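As a plain string of letters, each chain reads:
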Amino acid sequence: LPLLVVLPEISLAAKNNGLELTTTSSGLKWADAKVGTGQPVTKGTKTSIDYSMASTAGRFPSIYTTKDKGTPYRWTLGDGSTIEGIERAILGDGDDLPPMLPGGIRRVIIPSNLAYEKLAKPNAKCEPNGKGAIGPIPPKDAGEGAYQRWVQFYCNPRIPYQPDLVLDIKLYGKR
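In this text the structure is predicted, and so the values were computed from the model without any measurement. (Residues numbered from 1 in each chain as written. Predicted model: local features only at pLDDT ≥ 70, side-chain atom pairs only at ≥ 80, totals over all residues. Heavy atoms only, no water.)

**Looking at the overall build of the protein**
Basically, it comes down to this: Numbering goes from the N terminus for both helices and strands, where a helix is a DSSP run of H or I of at least four residues and a strand is a run of E of at least two. The buried label applies to any residue whose accessible area, calculated with a 1.4 Å probe on protein chains only, is under 20% of its type's maximum; exposed applies above 50%, and partly exposed to all values in between. In what follows, a contact means two residues having at least one pair of non-hydrogen atoms within 4.5 Å. Note on areas: Shrake-Rupley with a 1.4 Å probe; residue coverage comes only from the protein chains shown.
From N to C terminus, the protein includes 2 helices and 7 strands. When the helices and strands of the protein are placed in sequence order, the string is β-β-β-β-β-α-β-α-β. The burial tally for the protein puts 42% of its 175 residues in the buried class. The long-range fraction of contacts in the protein, counting pairs at least 24 apart against all pairs at least 6 apart in sequence, stands at 70%. Within the structure as shown, the protein displays about 10,100 Å² of accessible surface, and the carbon and sulfur contribution to it stands at 53%.

**Examining the state of the cysteines**
Counted only if it meets this: Any pair of cysteine sulfurs within 2.5 Å is marked as a disulfide.
Summed over all chains, the structure comprises 1 disulfide. Bridging Cys 126 to Cys 155, the disulfide has an S-S length of 1.4 Å. With Cys 126 in the loop between strand E6 (105–110) and helix H2 (146–154) and Cys 155 in the loop between H2 and strand E7 (165–171), this pair connects stretches of sequence that are 29 residues apart. Both residues of the pair, Cys 126 and Cys 155, belong to the buried class.

**Some words on the nonpolar core**
To be explicit about the condition: The nonpolar core is taken to be a set of buried Ala, Val, Leu, Ile, Met, Phe, Trp, Tyr and Cys residues, with the residues joined through side-chain atoms within 4.5 Å.
Core analysis: the largest hydrophobic core is formed by 37 residues, its most contacted members being Ile 110 and Trp 150. Among the elements of the structure, strand E3 (46–55), strand E4 (62–65), strand E5 (73–76), helix H1 (84–91), E6, H2 and E7 are those that each provide at least two residues to this core. A per-element tally of this core places H2 first, with 5 residues.

**A short note on the pairing of E3**
Selection rule: When DSSP finds two or more bridges between two strands, those strands count as paired.
Counted residue by residue, E3 has 8 buried out of 10 residues, so it is predominantly covered. Bridging between E3 and E5 involves 4 bridges; their strand directions are antiparallel. Across the sheet, Ile 49 pairs through a bridge with Tyr 73, a residue of E5. By the bridge criterion, 7 bridges tie E3 to E7 in an arrangement that is antiparallel. The residue of E7 that forms the bridge with Met 53 is Leu 167. Sheet analysis places E3 next to E4, joined by 3 bridges and oriented antiparallel. Looking at the pairing, Ala 54 lines up with Ser 62 of E4.

**Considering the pattern of salt bridges**
Applicable threshold: The term salt bridge refers to a side-chain nitrogen of Lys or Arg lying within 4 Å of a carboxyl oxygen of Asp or Glu.
Within this structure, the stated rule accounts for 4 salt bridges. Between Glu 127 and Lys 140 there is a salt bridge; the shortest N-O distance is 2.7 Å. One end of the pair, Glu 127, is in the loop between E6 and H2; the other, Lys 140, is in the loop between E6 and H2, with 13 residues separating them in the sequence.

**Quick word on unusual backbone geometry**
In this structure, Pro 136 follows Gly 135 across a cis peptide bond, with omega equal to 5°. Assignment of secondary structure puts Pro 136 in the loop between E6 and H2. One non-glycine residue, Asp 68, lies in positive phi territory at about 65°. Among the structural elements, Asp 68 can be located in the loop between E4 and E5. Its relative accessible area of 72% is what places Asp 68 among the exposed residues. Positive phi, close to 55°, is recorded for Glu 144, a residue that is not glycine. For Glu 144, the position within the fold is in the loop between E6 and H2. Here Glu 144 falls in the exposed class, since its relative accessible area comes to 77%.

Set out below in structure tokens:
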């Protein structure tokens, strides 16, 4: 009998929604929905973003959003507390990905090696705001199962791969 291999279908979250996505040499895909103004932020800068997080897998790809919650995600660029894919999306890569400007909105599809791949192992630091955790991680009390979906997709040593991470990021200026 022939072997039938069924590949998962890309979820609606990873569709381009009218944006022309560009793929960088690292595999990160991006498109600006709105280009911001002013000067790009730099490493060492306290940074705030609102984001909507989704996955390229699962029947319910939407995971979490900070939009309209009054609690943007904050960190210092380059301090190691945030996944590399977000840092690259904001700082640019000096090659085929320009830096974001404050007020800009960018859709990024981040491959697992630039996202949470390091968390898919036993005893990974998967607690929101936990010491040594790599964010952003949805809060446990976010409702609608956001934290549980995130753990299932990205902090689960029992699955052999991680789906790409889809983020719509709004970069704020100095706050």
